[in-house]
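# Architecture and fold: a report
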Amino acid sequence: MYYRLLIALVTLIVVVDARREVPLKFHVDIHAKRSTVPDGSRERPFSTLIEAKRYLITERFEDDVVVIVHSGGYAPLSIDHPALSGVSWEGSNESSVPIVSGGIEIPSDRFRMDPDTKTYVASLEGLGAENFGEMIGGDCVGDCQHDKVGVSFDGETMTLARWPNAPDDLLSPDAWTNAGNCSTEEGGFDFDIEKHPDVSRLMRWKDEQNAFVHGYWQWDWADCYGSILDVYQKGQQSIHIHYSDTLPPCKTGARWMGVNILSELDFPGEYYIDSINRLLYLLQPKGKSLNTSSSTVKLMYQPGGVLNVTSDVKNVRLSNLDVRDGRHVGVLAQNTVNLQLENLIVHAHGTHGIDATNSTNAIVRASQIFDVGCTGLRATAGDASTLQKGNMDI
């Protein structure tokens, strides 16, 4: 009996010692020269995040794994297989933070000055952009409505062509204008010509492909979009803007602006996408040039999340990465367990920076989130009906 216990104890010790105390490390370096088959070592690194992902799924390591991502630009990644549980994706400690971008770069030599609009224009044919999304109108108290491909210039989100032009301080009252008399019968509102001498420009909007109004029509805390159906003059005093019935009736004085309007592309940092003819019009931001090799213009194209962590994966860690240029979300990590997000730079996204809705045991630390269309960080945990805690640390 004594010998049997001793053998079992020795066997147990051998099994425990067989597990690695130091995690396995693999390298991804887009700048590495490819002369041999990569194995993830520093000498023979993978060149893309997807290449590393496929290798980890094939090998199915039981030990913890760290994927070290070296400086450079990388395509989006979906962490969506159980074999990727326990994997940390970490930017290396080099001079520049590795960039994970959901954007499609537009070569600078495509841009030409358009004599009609006096803006730069570039063809979007052949770049891999299949669709450019849609302007969405509807419920003012619903979720973020954005679904249209945006444009970034050197990682900074550009402004969809609008009127009035955006001031330097977006919190300024000058960022909006105000509706005149609202009409439930006609649908829309009037705009006083005498108070706004340049309002005649609005008559051009009825000829636009897909012009929208964006406003706080009923409440100061709920904004929404609606398509412009018609613009016409009422007597000598006012112009009437007729918008779609998906919007609620407005209140006199409601804040609003016109957006997605090519004829209003007249200010540095604005852009307009002609989805029918697949053309991009833009005016570069102040102090920027399209003719330098260092300037990068991208379509913010990737739908969903640029980094997407699904509920099939647990114990994922993302750190020291610059996540940018998404049509929707930077880091999409809904319904996850044991998620760690640290030292991330998340910016230039159409809707949310980080979405960790319904996550359990999640940590978000020391990260920067800015330049997003809706919410910087969406994070919920636990169950209010059962008082079950979610253990979220932000």
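This text follows the structure it describes.
First things first, this report covers the structure right here in the doc. It should be emphasised that the depicted structure is a prediction, and the values quoted were computed from it without experimental measurement. (Residues numbered from 1 in each chain as written. Predicted model: local features only at pLDDT ≥ 70, side-chain atom pairs only at ≥ 80, totals over all residues. Heavy atoms only, no water.)

## A few points about the pattern of salt bridges
Under the convention used in this document: Salt bridges are defined as contacts in which a side-chain nitrogen from Lys or Arg sits within 4 Å of a carboxyl oxygen from Asp or Glu. A run of H or I in DSSP counts as a helix once it spans at least four residues, and a run of E counts as a strand once it spans at least two, with each numbered from the N terminus.
Taken as a whole, this structure holds 15 salt bridges when the rule is applied. In this structure, the salt-bridge partner of R204 is E264, at a minimum N-O distance of 3.4 Å. Placement of the pair is R204 in the loop between β16 (188–192) and β17 (212–219) and E264 in the loop between β20 (255–259) and β21 (270–274), with a sequence separation of 60 residues. Each member of the salt-bridge network shares a partner with another, and the members are R201, R204, E264 and D266.

## Quick word on the pairing of strand β2 (residues 65–69)
For a regular strand, side chains alternate in direction, first toward one face of the sheet and then toward the other. Just so we agree on the cut-off: Buried, partly exposed and exposed residues are distinguished by accessible area as a fraction of the type maximum, computed with a 1.4 Å probe on protein chains only: under 20%, between the cut-offs, and over 50%, respectively. DSSP bridges decide pairing: two strands pair if at least two such bridges lie between them. A crossover gets the label right-handed when its path from the first strand over the helix to the second runs clockwise, viewed with the strands pointing away from the viewer.
Counting buried positions along β2 gives five out of five residues, so the element sits mostly inside the fold. The side-chain alternation of β2 yields two buried faces, one formed by V65, V67 and V69 and the other by V66 and I68. Where strand β1 (residues 24–28) meets β2, five bridges bridge the pair, whose relative direction is parallel. Residue pairing across strands places H27 opposite I68, the latter belonging to β2. For the crossover that starts at β1, traverses helix α2 (residues 49–59) and ends in the parallel β2, the hand is right-handed. Pairing between β2 and strand β5 (residues 87–91): five bridges, direction parallel. Residue V69 lies in a different strand from β5, and its bridge partner there is G91.

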